[in-house]
Amino acid sequence: MIRRVLPHGLGRGLLTRRPGTRRGGFSLDWDGKVSEIKKKIKSILPGTSCDLLPDTSHLPPEHSDVVIVGGGVLGLSVAYWLKKLESRRGGIRVLVVERDYTYSQASTGLSVGGICQQFSLPENIQLSLFSASFLRNINEYLAVTNAPPLDLQFNPSGYLLLASEKDAAAMESNVKVQKQEGAKVCLMSPDQLRNKFPWISTEGVALASYGMENEGWFDPWCLLQGLRQKVESMGVFFCQGEVTRFVSSSQRMLTTDDEMVILKRIHEVHVKMDHSLEYQPVECSIVINAAGAWSAQIAALAGIGKGPPGTLQGTKLPVEPRKRYVYVWHCPQGPGLETPLVADTSGAYFRREGLGSNYLGGRSPIEEEEPDPENLEVDHDFFQEKVWPHLALRVPAFETLKVQTAWAGYYDYNTFDQNGVVGPHPLVVNMYFATGFSGHGLQQAPGVGRAVAEMILEGSFQTIDLSPFLFNRFYLGEKTQENNTM
Amino acid sequence: MWDLVLGDRRINSLRLVAPMWNGTRGIHRLGGAVVPEGNQKKERTMLQFLTNHFYDVEALRGYLLQREMSKVHMKNRSFTWLEEQHGPYSAGAFFILKQGGAVKFRDKEWIRPDKYGHFSPEFWNFREVPVEAVDASDCEINYEGLDNLLLLKELQSLSLQRCPHVDDWCLSRLYPLADSLQELSLAGCPRVSERGLACLHHLQNLRRLDISDLPAVSNPGLTQILVEEMLPNCKVVGVDWAEGLKLGPEEQPQDTASPALA
């Protein structure tokens, strides 16, 4: 008799003869039965999909230690450092939730990709220096067996910042701070500028600072892909979905001055799938807000800012999306191969792109002219009226140029002081921020990721002290102003 | 014991790790400019297959790669103590000789290590004599090792041919030698691209630059022209400007057997 292997025993039916079969003989449909048996065995073996339970592979896991909202370069950097610094392999379960897998609106991919150390705050300089060494050794940090080494396409051409008379003193003191922190920056007079870069017109320039090492631009997509690959190989879960709700619990506590505070703790994150009403509640213990330009919405979901204005409960996260344009043009007689990223006194900037006399650049608009961040449509008139005149003034060769293409991207703009927000929120105790970098998030991502991971795993900043970037400053009104933004 | 991993892992093209099994030559292949031939390719796909399916093989390969990298780091450590004891020129020369390169002090002969890596210790006495020329071909110098090389402030000729770890970041570090460096050779470096060559504009005293055979440069002819524009006083050697241009149909070489015009 044939003993058939079936998942549910058919009881007595196993050994009874079917009608229609001849007595004593194996004239059953042998091939068909064998293939059926093979199929059943395959479906039971581990590692293959089992049709017994409904398919939930698109949903995130039900429990996760850390949920990172936002899968851009900052979110992935935090995930990487959490996994790198955990004391036990597999000790922390990390989930990255990203709403848009194509990254079509994410600031990372649309970024110009520059890295420079010419800031006024020592913390910013240290972050950039660390990021430069991270990028330099990227094949040691992000090595995955069997994957080819990453080529970041880094151009070490440096940044050249120009200052007019009134900004010259500030630039000098900034360069002093930068040199103290270890950045290789030198000051140049207009004569030296003309000697070195004959294509520049030094009208209105009193002083220039030139970064010699560890400054330049690179391909942000490559960094994102490299991080993504490495982080997946380290065991981080990814999920495409949108965070729609936080389920939290509150506790009333008394401070040492006998004031009452309400501390909130997030217990669950509801992740909604694309194009459907299906959602998955993910039980978590820490939530990281790395949602870039949309961080304020995530913060509002957690109840940050719901309270009378002027109190700590009523302090919102002051990060909003701001649209910035980048234009690519072709100029056959333009500056040569040695061109650094030049940032003019007017705020216009440009750099070379590739070998073929193409340049890209733009300018930050002033407050009154801020474009509507509703969509990513490009305003070409902005180039004609606000960018080109300044470029042509600075580089006479740019009087004849032809715009090839343009795109727009969002800055996660911190309206308070244009510097990032890092660290836990004082009232929602398990939400950590890593956002609001207003245009220099990409170049500080490795350092910030490490700082947040240290904060979570050790309880305080270990390597670079980012206490000036905590959330408290919005309530206390202490601005950590950065004077060298672009 | 072997753990069977039935995972869905992509098998990507391999450049990093097969060298592990070729012994010490391995690290020189990291640049990725090597074309695999039939037998090697079979070895590599077998290795990839094993790595994708067994945690142990993957861990072993990861460990071997880490070991190779730490060997390179050891070779490139900073000799600050030697610099304090014997002066910058001797310390820098020792670094180069240890790596397998050759140095030439001013008015002296070239000092080279022999095939066993031994070199004559006479240079320890040359405290004040600057090093004029360095031939660091095929040495494993990287970004950190340049700390030692940059001690040689009056270097006139530097040859970094076929160095596997010299990349664009290293080139951006050469500007302190701008006052004295007259000759630089980067031929055959697998990681140098046109982006690194752009930072050579600091070296205004350069008279001869060799950029032949750079596999990472995307457009050698155009790069040569741009570098020549960038360094007007320098003779840039290496790429024939006609490389990349195609002969038109009417300019095909004449058949030598055809009769000359009568």
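This structure is a prediction, so every number in the text was calculated from the model and none was measured.

1. So, the overall build of chain B
- Each helix and strand in chain B was counted, giving eight helices and seven strands.
- Taking all 262 residues of chain B together, the buried fraction comes to 49%.
- Taking the contacts inside chain B whose residues are at least 6 apart along the sequence as the reference set, 71% of them involve residues at least 24 apart.
- Total accessible area on chain B is roughly 14,300 Å²; 53% of this is exposed by carbon and sulfur atoms.

2. Focus on the sheet that holds strand 4 (residues 159-163) of chain A
Residue and element names in this part refer to chain A.
- Pairing is mixed across the open sheet formed by eight strands, whose spatial order is 5-6-4-13-14-15-12-16. Two strands bound the open sheet, and with one partner strand each, they are strand 5 (185-188) and strand 16 (402-414). Each adjacent strand pair in this sheet contributes to an overall mean axis angle of 20 degrees, direction not counted.
- Two elements, strand 14 (residues 348-353) and strand 15 (residues 358-363), share six bridges in a ladder whose sense is antiparallel. Bridge pairing in strand 15 links A348 to R363.
- Sheet strands touched by helix 9 (residues 380-394): strand 4, strand 12 (319-330), strand 14, strand 15 and strand 16. Its angle to strand 12, the strand with the most contacts, is close to 65 degrees.

3. Side note on the packing of aromatic side chains
- Scanning all chains against the criterion turns up 32 aromatic pairs over all chains.
- With a centroid separation of 6.1 Å and an interplanar angle of 45 degrees, the aromatic rings of Y325 of chain A and Y327 of chain A are classed as tilted.
- Accessibility expressed as a relative area gives 0% for Y327 of chain A, which makes it buried.
- With centroids separated by 6.4 Å and ring planes inclined at 70 degrees, the aromatic side chains of F350 of chain A and Y359 of chain A adopt a geometry described as edge-to-face. Each member of the pair, F350 of chain A together with Y359 of chain A, is buried.
- The ring of Y143 of chain B has R136 of chain A sitting right over it, with the charged end atom 3.8 Å from the ring centre.
- Above the face of the W169 of chain B ring, R136 of chain A is positioned so that its terminal group lies 5.7 Å from the ring centre.

4. Some thoughts on the packing of helix 3 (residues 122-136) of chain A against helix 10 (residues 441-458) of chain A
Residues and elements named next belong to chain A.
- Contact pair helix 3 / helix 10: the axes reach a minimum separation of 7 Å and the direction vectors enclose 100 degrees. Relative to helix 10, the element helix 3 lies roughly perpendicular. Within the contact between the two elements, helix 3 uses N124, L127, S128, F130, S131 and F134 and helix 10 uses Q443, Q444, A445, P446, G447, V448 and R450.

5. Section: the UniProt feature "domain: FAD dependent oxidoreductase" (unreviewed entry) in chain A
- Mapped onto the present numbering, the UniProt feature "domain: FAD dependent oxidoreductase" (unreviewed entry) falls on residues 65-455 of chain A.
- Here residues 65-455 of chain A runs as 27% helix and 30% strand, with 15 Å between its end C-alpha atoms.

6. Here we look at the pattern of salt bridges
- Taken as a whole and assessed by the stated rule, the structure comprises 23 salt bridges over all chains.
- Of the charged contacts, one joins R99 of chain A and E242 of chain A as a salt bridge, the two residues approaching to 3.9 Å between their closest N and O atoms. Separated by 143 residues along the polypeptide, R99 of chain A in the loop between strand 2 (94-98) and strand 3 (114-115) and E242 of chain A in strand 9 (residues 242-254) bring together distant segments of the chain.
- Since its relative accessible area comes to 32%, E242 of chain A is described here as partly exposed.
- Notably, a salt bridge pairs E213 of chain A with R173 of chain B, separated by 3.9 Å at the nearest N-O pair. Of this pair, E213 of chain A sits in the loop between strand 6 (207-211) and strand 7 (216-217) while R173 of chain B is found in the loop between helix 6 (168-171) and strand 5 (183-185), placing the two residues in two different chains.
- We classify R173 of chain B as buried; its relative accessible area is 12%.

7. With respect to the interface of chain A and chain B
- If you look at the interface, chain A gives 30 residues, while chain B gives 37 residues.
- When chain A packs against chain B, the two sides together hide about 3,100 Å² of surface, and 60% of this comes from carbon and sulfur.
- If you sort the residues of chain A by the area they bury against chain B, N146, L337 and L355 of chain A come out on top, with a joint share of 25%.
- The interface formed by chain A and chain B contains two salt bridges.
- Contributing elements (two or more residues each) for the side of chain A that touches chain B: helix 3 and helix 4 (138-141) of chain A.
- Examining the composition of the side of chain A that touches chain B, we find that three residues originate from one element, helix 3 of chain A, more than from any other.
- Among the residues making up the side of chain A that touches chain B, the classes are represented as 14 nonpolar, eight polar and eight charged.

8. Overview of the state of the cysteines
- Evaluation of the coordinates by the stated rule reveals zero disulfides over all chains.
- Distance from the sulfur of C186 of chain A, which forms no disulfide, to the nearest cysteine sulfur (C116 of chain A) is 14 Å.
- For C186 of chain A, a relative accessible area of 23% puts it in the partly exposed group.
- Free of any disulfide, C199 of chain B has its nearest neighbouring cysteine sulfur in C170 of chain B, separated by 10 Å.
- For C199 of chain B, a relative accessible area of 7% puts it in the buried group.

9. Considerations on the packing of helix 2 (residues 73-85) of chain A against helix 7 (residues 220-233) of chain A
Residue and element names in this part refer to chain A.
- Contact geometry of helix 2 with helix 7 gives a least axis separation of 10 Å together with a crossing angle of 35 degrees. Between helix 2 and helix 7 lies a crossing of left-handed hand. Judged by residue contacts, V73, L76, S77, A79 and Y80 of helix 2 engage L223, L224, L227, R228, K230 and V231 from helix 7.
- Across the contact of helix 2 with helix 7, the residue classes break down as eight nonpolar, one polar and two charged.

10. Comments concerning helix 5 (residues 165-181) of chain A
Residue and element names in this part refer to chain A.
- Taking 1.5 Å of rise per residue, 17 residues should cover 24 Å, and helix 5 covers 25 Å from first to last C-alpha, within 8% of that figure.
- Lining the buried residues of helix 5 we find helix 3, strand 4, strand 5 and strand 6.
- Phi turns positive, to about 110 degrees, at G182, one or two residues after helix 5.

Rules and cut-offs
- Residues numbered from 1 in each chain as written.
- Chains lettered and ligands numbered in written order.
- Predicted model: local features only at pLDDT ≥ 70, side-chain atom pairs only at ≥ 80, totals over all residues.
- Heavy atoms only, no water.
- Helix = DSSP H or I, 4+ residues; strand = E, 2+ residues; numbered from the N terminus.
- Buried < 20%, exposed > 50% of the residue type's maximum accessible area, 1.4 Å probe, protein only.
- Contact = heavy atoms within 4.5 Å.
- Areas by Shrake-Rupley, 256 points an atom, 1.4 Å probe, with all protein chains shown as cover.
- Pairing = 2+ DSSP bridges.
- Axes fitted to C-alpha atoms, helices over the stretch in contact; angles between N-to-C directions.
- Phe/Tyr/Trp six-rings, centres within 6.5 Å; stacked < 30°, edge-to-face > 60°.
- Lys NZ or Arg CZ within 6 Å of the ring centre and 35° of its normal.
- Parallel < 35°, antiparallel > 145°, perpendicular 65-115°, else oblique.
- UniProt positions renumbered as here; feature names shortened; annotations may be inferred.
- Salt bridge = Lys/Arg side-chain N within 4 Å of Asp/Glu carboxyl O.
- Buried area = accessible area lost by both parts, 1.4 Å probe.
- Nonpolar A, V, L, I, M, F, W, Y, C, P; charged D, E, K, R; others polar.
- Disulfide = S-S within 2.5 Å.
- Left-handed = near helix turned anticlockwise from the far one by under 90°.
- Expected span 1.5 Å × (residues − 1).

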